[in-house]
Amino acid sequence: VDTNSYKLTTRFAKFCNVPELTNILSSIADFHKVEKDISDLPCLDGYTDSLSSGSPEFREYLKDISNRADDIKNKRVDPKTDNMLKITSDGRKAALDMRLIDTIFDLDPESKVMRCAENILEIYSKTREEKSTQLVFCDISTPKDGFNIYDELKGLLVAMGVEKEQVRFVHEATTETQREQMFDLVRKGEIAVLIGSTFK
């Protein structure tokens with residue numbers, strides 16, 4: 001959170017009870033041995049990180065975050081007023097989009113949401129004839145009243161030429177039946193971009 005100073009943190013070095021852990025993980029993941037014939041597995045051609053340097057407003061806000069962290073460490077602020085959990089939450093929001101901190105900020109053409117929309121549009125343009133679907137994961141600023149990243153991303157995609165009906169949120173499906181109907185549309189390629197949180 002506070003990038004101006006560092007402190008030593010201890011982390012675990014190994015897993016215990018690996019067989020039990022493997023059983024739990026196997027409920028959500030498939031394991032394939034390297035020796036096994038993997039012709040039935042999809043090929044991964046790698047991925048590219050898309051980096052954003054951050055706006056001057058974001059860098060200024062990081063200084064404020066650092067000052068807040070110093071105040072907490074030195075007990076100059078009541079934990080009910082400000083604490084590391086609040087700072088972490090504010091830092092994550094600011095790193096995603098400064099408008100999550102305050103709507104006085106404008107859309108930054110170099111922001112993560114803009115970069116994401118451009119990447120989605122590029123893949124959409126290349127794969128729409130094949131009726132491919134893109135899954136977009138966003139765990140912060142899920143759909144709600146007021147400014148949120150889901151509506152912002154959908155608005156940008158529609159403005160760039162993606163049909164509104166082809167961009168959906170997994171949060172729209174509130175029952176198991178609705179989820180199955182939505183996933184059927186995904187499999188048919190009628191939904192081109194499905195946005196959801198990791199949990200959903």
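All figures in this text were calculated on a predicted structure; none of them were measured in a lab.

Asker: Can you lay out the packing of helix α2 (residues 56-73) against helix α3 (residues 84-96) for me, pointing to particular residues and giving the numbers?
Answerer: For the pair α2 and α3, the least separation of the axes is 10 Å and the interaxial angle reads 175 degrees. When the axes of α2 and α3 are compared, the pair comes out roughly antiparallel. On α3, the residues touching Phe58, Tyr61, Ile65, Arg68, Ala69 and Ile72 of α2 are Met84, Lys86, Ile87, Asp90, Gly91, Ala94 and Ala95. Classifying every residue of the contact of α2 with α3 by side-chain character gives nine nonpolar, one polar and three charged.

Asker: Account for the sheet that holds strand β1 (residues 134-137), with residues named and values stated.
Answerer: Spatially, β1-β3-β2 is the arrangement adopted by the three strands of the open sheet, whose pairing is parallel. This sheet does not close on itself; its edge strands, each paired only once, are β1 and β2 (167-169). Neighbour to neighbour, the strand axes of the sheet diverge by 25 degrees on average, direction disregarded. The pairing of β1 with strand β3 (residues 193-196) spans four bridges and is parallel. Its bridge partner lying in β3, Val136 is registered against Ile195. Set on the sheet, helix α4 (residues 112-127) makes contact with β1 and β3; between it and β1 the angle comes to about 170 degrees.

About the cut-offs
- Once a new chain begins, its residue numbering starts again from 1 and follows that chain's sequence as written.
- Local features in a predicted model are, by the rule used here, given only for residues with pLDDT of at least 70; side-chain atom pairs are given and counted only at 80 or more, and totals for whole chains, interfaces and linings are based on all residues.
- Side-chain metrics rest on all non-hydrogen atoms present in the structure, leaving aside hydrogens and water.
- Working convention: axes come from line fits to C-alpha atoms, limited for helices to the stretch in contact. Angles between N-to-C directions cover 0 to 180 degrees.
- For the purposes of this entry, the term helix denotes a DSSP run of H or I that reaches at least four residues, the term strand denotes a run of E that reaches at least two, and both are numbered from the N terminus.
- If an angle is under 35 degrees, it is roughly parallel; if it is over 145, roughly antiparallel; if it lies from 65 to 115, roughly perpendicular; otherwise it is oblique.
- When checking whether two residues touch, look at their non-hydrogen atoms; a contact exists if any pair is within 4.5 Å.
- Under the scheme applied, nonpolar residues are Ala, Val, Leu, Ile, Met, Phe, Trp, Tyr, Cys and Pro; charged residues are Asp, Glu, Lys and Arg; polar residues are all the others, including Gly.
- Strand pairing is assigned whenever DSSP detects at least two bridges linking the two strands.

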